[in-house]
Amino acid sequence: MKTPGRTKIAELLKSATGTEVTVKGWVRTKRGNKNVAFIALNDGSTIHTIQVVADMRLFTEEQLKPVTTGACLRVTGQLTASQGSGQPVEIQAKEIEIYGVSDETYPLQKKGHTLEFLREIAHLRPRTNTFGAVLRIRHAMAFAIHHYFNEKGFVYLHTPLITASDAEGAGAMFQVTTLDLQNPPRNDRKEIDYTQDFFGQQTCLTVSGQLEGELGAMALGEVYTFGPTFRAENSNTPRHLAEFWMIEPEMAFYDIHDNMNLAEDFIKYLVRYALEHCADDLKFLNDMYDKDLIERLQGVVQTGFVRLTYTEGIAILEQSGQRFEFPVHWGVDLQSEHERYLVETHFKKPVILTDYPKEIKAFYMKQNADGKTVRAMDVLFPKIGEIIGGSQREENREKLLARIAETGMDTENLWWYLDTRRFGTAEHSGFGLGFERLLLFVTGMANIRDVIPFPRTPKNAAF
Ligand code: 4AD
Ligand code: MG
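Summary of the structure given here. Predicted model, so just to flag it, every value in this text is computed and none were measured. (Residues numbered from 1 in each chain as written. Chains lettered and ligands numbered in written order. Predicted model: local features only at pLDDT ≥ 70, side-chain atom pairs only at ≥ 80, totals over all residues. Heavy atoms only, no water.)

## As for the overall build of the protein
Helix and strand content of the protein: 13 helices and 16 strands. Considered along the principal axes of its C-alpha atoms, the protein spans approximately 85 × 55 × 45 Å. Buried positions account for 50% of the 463 residues belonging to the protein. Counting 52 positive and 61 negative side-chain charges, the protein places the centres of these two groups 6 Å from one another. (Helix = DSSP H or I, 4+ residues; strand = E, 2+ residues; numbered from the N terminus. Buried < 20%, exposed > 50% of the residue type's maximum accessible area, 1.4 Å probe, protein only. Lys, Arg positive; Asp, Glu negative; His and termini not counted. Charge placed at Lys NZ, Arg CZ, Asp CG, Glu CD.)

Shown next as structure tokens:
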């Protein structure tokens, strides 16, 4: 379909020359002399700019004065083969209309701003090459995710964002309330009276759609969620956001091996999709930020992921002779330095670790016969560490109740979840892929704040 009133630059670069075209976009640079002006225009449809050539016999200097970096224009003219190098075609301008001027205070005058600086102008950074590339790749990955599951017959299940249960049992939740915080209602015991709150009980933003995903799987067979999730953990790292997007497939009749197979196939599909559909943007990021990016992506598509147990992983780390910041022994939660040692130094390929100690994993994971471990699986990636967390679920009601009691969780809000184990329970499994962790891997960006348009992190909710 043709875009009304204009042709996108991505299209123009593939078009035959000799026709009159209209483009609309933002000026990146203008240079030239008394006879001719060259305007590089970008419209976000591609990393490439189109060169607009303005013959000064057709335009006055006064007309071209407002054509400055950041201004928005319409240009109509002849598409011709380009004289200069760099691109196949250019536009010989006949008309230039200024939609919006931009003055010298426009912060993106020159190239080469630091990513830190660009975070402070997140409202404008989509206009840079880097963020154009990242945001187009982000879109392509979101599309590919839906495509993948649709092809496999999974149902996209919309799980609630406001919830009264803590899916991960980790307690790092943002509260949602309409109570007057200055003067909340109190009960006889002087506690805040949530029966008077909007939902009649205490509610929070969800940390995961999994529990509702399980309800869906126990009816529809194979489902997935894809939505924002929220964690109020005060983690100021390059890999944590307070608001991030997660993809959570949940499948009836899958054991942990089926779950691992799906996770590996899914990630490989997404990386392959990026290589095939985002070549220009990946090449830009490869050249600008990470010379091994494309090679690393190709490597992941081609290699089988290593699968081993947590216990085996700990043994490798203990025997590594490495001095880790966080010492390793059986029972510890793995830190990113441990995960990256296994992936980057020891195996040199992605690793799926299974069967973690139950104490460091969520209540819903299937308990192994050893009484110590649960059927968890974490997929660990080069540069990232944990990219996927998942498990086979405990489908036995008594065992699940016993585990909930052990963790001291409150079952009152979970009666509906427990009902799946009462009525027609079955083996099932699922996992969560952190969308921004995937994007860190695919784009080669080093900081998670640079793969989401408007990051939410501790002490930062600007834009
Ligand atoms: O390992 P997590 O906490 O697992 C769950 O939430 C399960 N309910 C998933 C499931 O089995 N359905 O989170 C899953 C993934 C992590 O592996 C990581 O990629 C990402 O979500 N993640 C974060 N990404 C960005 N910022 C954070 N604070 C994240 N916390 C987790
Ligand atoms: Mg995890």
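So much for the structure itself; the text now carries on.
## Topic: the sheet that holds strand β10 (residues 222-230)
As summarised here, the arrangement of the 8 strands in space is β6-β10-β11-β16-β15-β14-β13-β12, forming an open sheet in which the pairing is mixed. The sheet is open, and its two edges are formed by β6 (155-156) and β12 (306-309), each paired on a single side. The sheet contact formed by strand β15 (residues 385-392) and strand β16 (residues 428-434) spans 5 bridges and is antiparallel. The partner of G389 across the bridge, within β16, is G432. Contacting β12, β13 (351-357), β14 (373-381) and β15, helix α10 (residues 336-347) crosses the sheet at an angle of about 140 degrees to β13. (Pairing = 2+ DSSP bridges. Contact = heavy atoms within 4.5 Å. Axes fitted to C-alpha atoms, helices over the stretch in contact; angles between N-to-C directions.)

## Comments concerning the pairing of β14
Counting buried positions along β14 yields 8 of 9 residues, so the element is predominantly enclosed. Pairing geometry for β14 and β15, over 6 bridges, is antiparallel. The residue of β15 that forms the bridge with M377 is G390. Counting the residues that bridge the hairpin from β14 to β15 gives 3 residues, and of these K383 lies at a positive phi of roughly 70 degrees.

## Some thoughts on helix α8 (residues 293-302)
Taken together, the buried positions of α8 are occupied by L293, R296, L297, V300 and V301. The buried residues of α8 all sit within an arc of 140 degrees when viewed along its axis, so they share a single face. Opposite the buried face of α8, by more than 90 degrees, sit the exposed residues E295 and Q302. Among the structural elements, α6 (256-277), α7 (279-288), β14 and α13 (435-443) are those in contact with the buried residues of α8. (Arc of directions from axis to C-beta.)

## Focus on the site of ligand 1
Neighbouring residues of ligand 1: 24 residues in total, closest E168, Q210, R231, E248 and E386. At a separation of 3.2 Å, an oxygen atom of ligand 1 approaches a polar backbone atom of G389. Counting only elements with at least two residues in the shell around ligand 1, the list comes to β11 (243-252), β15 and β16. No other element matches β15, which puts 5 residues into the shell around ligand 1. In terms of residue class, the shell around ligand 1 is built from 8 nonpolar, 8 polar and 8 charged. (Near = heavy atom within 4 Å. Polar contact = N/O pair within 3.5 Å; in protein donor to acceptor, adjacent residues only side chain to side chain. Nonpolar A, V, L, I, M, F, W, Y, C, P; charged D, E, K, R; others polar.)

## A few points about the sheet that holds strand β1 (residues 20-32)
Spatially, the 5 strands close up into a barrel ordered β1-β2-β3-β5-β4, and their pairing is mixed. Each neighbouring strand pair of the sheet contributes to a mean axis angle of 55 degrees, computed without reference to strand direction. Both β1 and strand β4 (residues 72-81) contribute to a ladder of 7 bridges, which runs antiparallel. Note that in β4 the partner of V23 across the bridge is V75.

## Observations regarding the side chain of R138
Tracing the backbone through its elements, the reader meets R138 in helix α4 (residues 129-151). Those residues in contact with R138 that lie beyond four places of it in its chain are W245, F435, E436, L439, V451, I452 and P453.

## What about the packing of α4 against α13?
Running from N to C, α4 and α13 point in directions that differ by 120 degrees, and their axes come no closer than 10 Å. By the criterion of interaxial angle, the relationship of α4 to α13 is oblique. As for how α4 packs across α13, the hand of that crossing is right-handed. Counted together, V134, I137, R138, M141, A142 and I145 of α4 and F435, E436, L438, L439, V442 and T443 of α13 form the full contact between these two elements. Among the residues making up the contact of α4 with α13, the classes are represented as 9 nonpolar, 1 polar and 2 charged. (Parallel < 35°, antiparallel > 145°, perpendicular 65-115°, else oblique. Left-handed = near helix turned anticlockwise from the far one by under 90°.)

## Considering the environment of N42
Topologically, N42 is positioned in strand β2 (residues 36-42). Beyond its immediate stretch of four places on either side in the chain, N42 contacts I9, G25, W26, R28, I47, H48 and T49.

## Brief notes about unusual backbone geometry
Unlike most non-glycine residues, F253 shows phi in positive territory, near 70 degrees. In this fold, F253 is placed in the loop between β11 and α6. Phi at K348 is positive, roughly 60 degrees, even though this residue is not glycine. Considering the arrangement of structural elements, one finds K348 in the loop between α10 and β13. A relative accessible area of 64% means that K348 is categorised as exposed.

## Re the pattern of salt bridges
If charged atoms from side chains of opposite charge come close, those side chains can pair. With the rule as written, the count across this model stands at 25 salt bridges. Two residues, R6 and D43, come together in a salt bridge whose shortest N-O distance is 3.5 Å. Separated by 37 residues along the polypeptide, R6 in the segment before α1 (9-12) and D43 in the loop between β2 and β3 (50-55) bring together distant segments of the chain. The two residues R6 and D43 agree in class, both being buried. Notably, a salt bridge pairs D290 with R296, separated by 2.4 Å at the nearest N-O pair. Classification of R296 by relative accessible area gives buried; the value is 17%. If you follow the salt bridges from partner to partner, you end up with E214, E250, R393 and R421 in one network. (Salt bridge = Lys/Arg side-chain N within 4 Å of Asp/Glu carboxyl O.)

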